[in-house]
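Structure at a glance
This is what each chain is made of:
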Amino acid sequence: MKPAPFDYVAARTVAEAVEALGGTGHKAQVLAGGQSLILEMRLQRVRPDLVVDINRIRELGGMSIEDGDLRVGALVRHTAFESAEVAPGPLGTLLSRAVVNIAHPPIRSRGTMVGSFGWAHPASEWCAIGVTLEAVVEMTGPDGTRSVAAGDYFLGPHRSERRPMELITSVRLPLLREDTGVGFLEHRRTGFCFAQVAVAATLTVTDGAISGARIGLANCADRPVRARAAERSLAGADIGPLPEGARLPDDHLFAHAGRIAAQEDAAPVAEPYADVEYKRQVIAVLVGRTLLEAAADQRARLAVREGRR
Ligand SMILES: Cc1cc2nc3c(=O)[nH]c(=O)nc-3n(C[C@H](O)[C@H](O)[C@H](O)COP(=O)(O)OP(=O)(O)OC[C@H]3O[C@@H](n4cnc5c(N)ncnc54)[C@H](O)[C@@H]3O)c2cc1C
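Before going into details, it helps to say that this report is about the structure given with it. Note that the coordinates shown come from a computational prediction; the quantities given were computed from them, not determined experimentally.

Thresholds, definitions, all that
- Residues numbered from 1 in each chain as written.
- Predicted model: local features only at pLDDT ≥ 70, side-chain atom pairs only at ≥ 80, totals over all residues.
- Heavy atoms only, no water.
- Buried < 20%, exposed > 50% of the residue type's maximum accessible area, 1.4 Å probe, protein only.
- Helix = DSSP H or I, 4+ residues; strand = E, 2+ residues; numbered from the N terminus.
- Pairing = 2+ DSSP bridges.
- Axes fitted to C-alpha atoms, helices over the stretch in contact; angles between N-to-C directions.
- Parallel < 35°, antiparallel > 145°, perpendicular 65-115°, else oblique.
- Left-handed = near helix turned anticlockwise from the far one by under 90°.
- Contact = heavy atoms within 4.5 Å.
- Nonpolar A, V, L, I, M, F, W, Y, C, P; charged D, E, K, R; others polar.
- Disulfide = S-S within 2.5 Å.

**Some points on the pairing of strand 11 (residues 180-187)**
- Burial runs high along strand 11: six of the eight residues are buried.
- Both strand 11 and strand 12 (residues 197-206) contribute to a ladder of eight bridges, which runs antiparallel. Residue pairing in the sheet places T180 in a bridge with T204 of strand 12.

Spelled out as structure tokens, the structure:
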């Protein structure tokens, strides 16, 4: 199918983009990487009367470290995160482990992290990481700029706190402490599909006990969510020796946290090939394995710091 007719503006500054978005009320769309928007327009599920192309706005193209955050501009493509060097410490590792799960290389070379926040798909890896790390979404509109915490930003499938006349200029992700380990795992049907379930986790361990745990879930509710009950079940727990391999004994604290996440934190929505019960089983297993990956990462970082590796 072909898109319905629309007008097109190629903005050169944020001010020009905001002016264009403000001129048409609710029917404008922003063109960033176009990897979701163009497909939706061709299927005529999205029919904007105006497309505001932001690809010529130079100020949106960069990344920087500011006040302990990685600030990601609206035109930074997914591929930029393929190297762990993209950010210092565990944050760079987490982003590089997550990005390889997003679609495939041609889509990653055009699609943007910030565009994923604009699209607000419940299965988006970046949106789940944003919620996990308490990222901040920065927007500019006719009334000026404002910031919204990722945990408050998502309202449901393709629904967010962003007003139609606002442009997301960047997303700020906090850097992670060196004593934090990270994990990211997902389950998908084919390489081209969105995740049926994806899990991001960070674990901070002090003197052998868990002093901080964060678990974020993608496609386990109508929006990305934190698994807060599962996080609470880990607080202060002695981490002990890590089991070998991915399979956790049923009585392991990570397996227990996985079951809590599946039953108390997730609100899965059935989809073709994955009903609610199936999703809960996958969440339980995947949360446990992601925590194990984060714990192994934390151990490896500690060994490097102590000169054992
Ligand atoms: C086959 C296929 C598989 C995919 N698999 C995955 C996957 O596994 N995981 C995943 O996360 N994504 C996946 N995607 C989507 C892809 O990652 C997109 O790149 C992503 O949704 C972001 O889009 P974009 O930059 O291309 O934004 P666009 O497509 O240009 O825009 C998407 C939406 O966001 C809005 N938007 C974009 N930028 C801004 C901004 N700066 N301010 C305000 N609104 C904005 C637009 O108005 C539009 O509504 C897949 C896409 C395809 C086609």
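**Observations concerning the packing of helix 9 (residues 253-265) against helix 10 (residues 276-305)**
- At a minimum axis distance of 7 Å, the contact between helix 9 and helix 10 shows a crossing angle of 140 degrees. Between helix 9 and helix 10, the interaxial angle falls into the category oblique. Regarding helix 9 and helix 10, the two cross each other, and that crossing is right-handed. Residues F254, A257, G258, R259, A261, A262 and Q263 of helix 9 form the contact with helix 10, whose participating residues are R280, I283, A284, V287, G288, L291, L292 and A295.
- In terms of residue class, the contact of helix 9 with helix 10 is built from 10 nonpolar, three polar and two charged.

**Quick look at the state of the cysteines**
- In the structure shown here, the tally under the stated rule is zero disulfides.
- Free of any disulfide, C127 has its nearest cysteine sulfur in C220, 14 Å distant.
- Residue C127 is classed as buried on the basis of its relative accessible area of 0%.
- Exposure remark for C220: the relative accessible area of 0% places this residue in the buried category.

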